[in-house]
Amino acid sequence: YMPEEAHARLLAACEGAVLLVDAAQGIEAQTLANLYLAMENELTIIPVLNKIDLPIADVPAVTEELVELLGVEEEEIIKISAKTGENVTGVLDAIVDRVPAPHTEHDETRALIFDSLYDPYRGVISLARLFDGELKKGDRVKAMGSEEHFELLEVGCYSPKPTALPVLGAGEVGYVIAGLKDIEALRVGDTLTRVENPASEPLPGYAQALPTVFSGLYPLDGSDYPELREALDKLQLNDAALVYEPETSAALGFGF
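Everything quoted here is computed from the prediction, not taken from an experiment. (Residues numbered from 1 in each chain as written. Predicted model: local features only at pLDDT ≥ 70, side-chain atom pairs only at ≥ 80, totals over all residues. Heavy atoms only, no water.)

**Here's the deal with the pattern of salt bridges**
Inference 1: Tallying each qualifying case throughout the model produces 9 salt bridges.
Inference 2: A salt bridge links Lys79 to Glu74; its shortest N-O distance comes to 4.0 Å.
Inference 3: Overall, the relative accessible area of 23% leaves Lys79 in the partly exposed class.
Inference 4: A relative accessible area of 46% places Glu74 in the partly exposed class.
Inference 5: The closest approach of N and O atoms between Asp132 and Arg110, which form a salt bridge, is 2.9 Å. Placement of Asp132 in strand β5 (residues 123-132) and of Arg110 in strand β4 (residues 110-119) is noted, with a sequence separation of 22 residues between them. (Salt bridge = Lys/Arg side-chain N within 4 Å of Asp/Glu carboxyl O. Buried < 20%, exposed > 50% of the residue type's maximum accessible area, 1.4 Å probe, protein only. Helix = DSSP H or I, 4+ residues; strand = E, 2+ residues; numbered from the N terminus.)

Below is the structure:
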């Protein structure tokens, strides 16, 4: 499960999306919600019908459902079985043929931070999509939202393991490491640019999510309070909508 805000920031970093539908179950509510997000971001949609090998699969009915929903021709829908491997290469070919190539409009470097993870030895590892310019090890960069400045210790990509690269160029997706321990310095959704010749404005299309659910958390053992704070710090790395602050209860003690 991934919250809608997380889907939105991921889709903002893409040119296309594969709409994967179960031939035995049809289009489900969560799939439909993500499809609408992809459409709002004007992504190229590649419809794929999976599990056609199942005896209970109703391929004609689900195909008609996709035709009506997307307004596409039936031959544009790729029918596959991920289990048997039938026509899976057709999906890869469609991604190459149908998804438009990335394009750049500015000389200044702009990268969207769309996700983050925490490494106890290397600090914050931020996943970035380069829309303009390039980033390389040793670059002095700044986060346009927080106005924090730092130096990049490493850039690279996952293929599938983390692989350091000499440079990340426009249109590429990878990771950047600056040895950060403070998660506020480079928040998910922020735009990264170079200190030298910085971009004049951040990337559009991202809005800070506002909290809609409120809860109080208290450790059973008061000595676990620092661990709870650390856990919330790490959780906030992967969910930019999370906001927390310390509070005290006469009955429960220290919490958040």
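There's more to say after this.
**Some remarks on the side chain of Arg110**
Inference 1: Judged by its relative accessible area of 9%, Arg110 is buried.
Inference 2: A polar atom in the side chain of Arg110 sits 2.9 Å from the side chain of Asp132.
Inference 3: Apart from residues lying up to four places away in sequence, Arg110 is in contact with Arg129, Leu130, Phe131, Asp132, Thr191, Leu192, Ala199, Glu201, Pro202, Leu203 and Pro204. (Polar contact = N/O pair within 3.5 Å; in protein donor to acceptor, adjacent residues only side chain to side chain. Contact = heavy atoms within 4.5 Å.)

**Some words on helix α2 (residues 29-40)**
Inference 1: Taking 1.5 Å of rise per residue, 12 residues should cover 16 Å, and α2 covers 17 Å from first to last C-alpha, within 8% of that figure.
Inference 2: What α2 keeps buried is the set Leu35, Leu37 and Ala38. Looking straight down α2, one finds that the buried residues subtend no more than 160 degrees of arc, so they occupy a single side. Residues Ala29 and Glu40 are exposed on α2 and point more than 90 degrees away from its buried face.
Inference 3: Two residues or fewer past α2, Glu42 is found with a positive phi of approximately 55 degrees. (Expected span 1.5 Å × (residues − 1). Arc of directions from axis to C-beta.)

**A short note on the pairing of strand β12 (residues 173-177)**
Inference 1: Within β12, 4 of the 5 residues are buried, leaving the element largely enclosed by the surrounding structure.
Inference 2: As defined by bridge partners, β5 adjoins β12 across 5 bridges and the pair is classed as antiparallel. Residue Ala128 lies in a different strand from β12, and its bridge partner there is Gly174.
Inference 3: The pairing of strand β9 (residues 154-158) with β12 spans 3 bridges and is classified as antiparallel. Paired with Val155 across the bridge in β12 is Val176. (Pairing = 2+ DSSP bridges.)

**Points about the sheet that holds strand β3 (residues 78-79)**
Inference 1: Reading across the sheet, the 3 strands line up as β1-β2-β3 and stay open at both edges, with parallel pairing between neighbours. This sheet does not close on itself; its edge strands, each paired only once, are β1 (16-22) and β3.
Inference 2: As paired strands, strand β2 (residues 44-50) and β3 are joined by 2 bridges and run parallel to one another. What sits directly across from Val48, in β3, is Ile78.
Inference 3: Contacting β1, β2 and β3, helix α4 (residues 88-98) runs over the sheet at an angle of about 170 degrees to β2. (Axes fitted to C-alpha atoms, helices over the stretch in contact; angles between N-to-C directions.)

**Considering the packing of aromatic side chains**
Inference 1: Taken as a whole and judged by the stated rule, the model has 4 aromatic pairs.
Inference 2: Here the aromatic residues Tyr225, Tyr244, Phe254 and Phe256 are joined through ring pairs into a cluster of three or more.
Inference 3: Directly above the ring of Phe131 sits Arg129, whose terminal nitrogen or CZ lies 4.2 Å from the centroid. (Phe/Tyr/Trp six-rings, centres within 6.5 Å; stacked < 30°, edge-to-face > 60°. Lys NZ or Arg CZ within 6 Å of the ring centre and 35° of its normal.)

**Concerning the sheet that holds β12**
Inference 1: One open sheet accounts for 8 strands, arranged β8-β7-β13-β4-β5-β12-β9-β10; its pairing is antiparallel. Two strands in the sheet have a free side with no partner beyond their single neighbour: β8 (149-151) and β10 (162-164). Averaged over all neighbouring strand pairs, the angle between strand axes comes to 40 degrees, with direction disregarded.
Inference 2: In this structure, β4 lies alongside β5, joined through 9 bridges in antiparallel fashion. Of the residues in β5, the one forming a bridge with Asp115 is Leu127.

**With respect to α4**
Inference 1: Regarding α4, the residues found buried are Gly90, Val91 and Ala94. Seen from one end, α4 has its buried residues packed into an arc of 105 degrees, which puts them on one side. Within α4, the exposed residues directed more than 90 degrees away from the buried face are Thr89, Leu92 and Val96.
Inference 2: Tucked inside the fold, the buried residues of α4 contact β2 and β3.

**Remarks on the nonpolar core**
Inference 1: Within the largest apolar cluster, 19 residues are counted, with the highest numbers of intra-cluster contacts made by Leu19, Val21, Leu43, Ile45, Leu49, Leu66 and Leu70.
Inference 2: Looking at this core, the elements that each hand over two or more residues are β1, α2, β2 and α3 (59-70).
Inference 3: In terms of residues, this core owes the most to one element, α3, which gives 4 residues.
Inference 4: The residues touching Leu43, leaving out its near neighbours within four places in the chain, are Leu11, Cys14, Glu15, Gly16, Ala17 and Ala38. (Core = buried A, V, L, I, M, F, W, Y, C linked by side-chain atoms within 4.5 Å.)

Read these as spatial facts, not as claims about activity.
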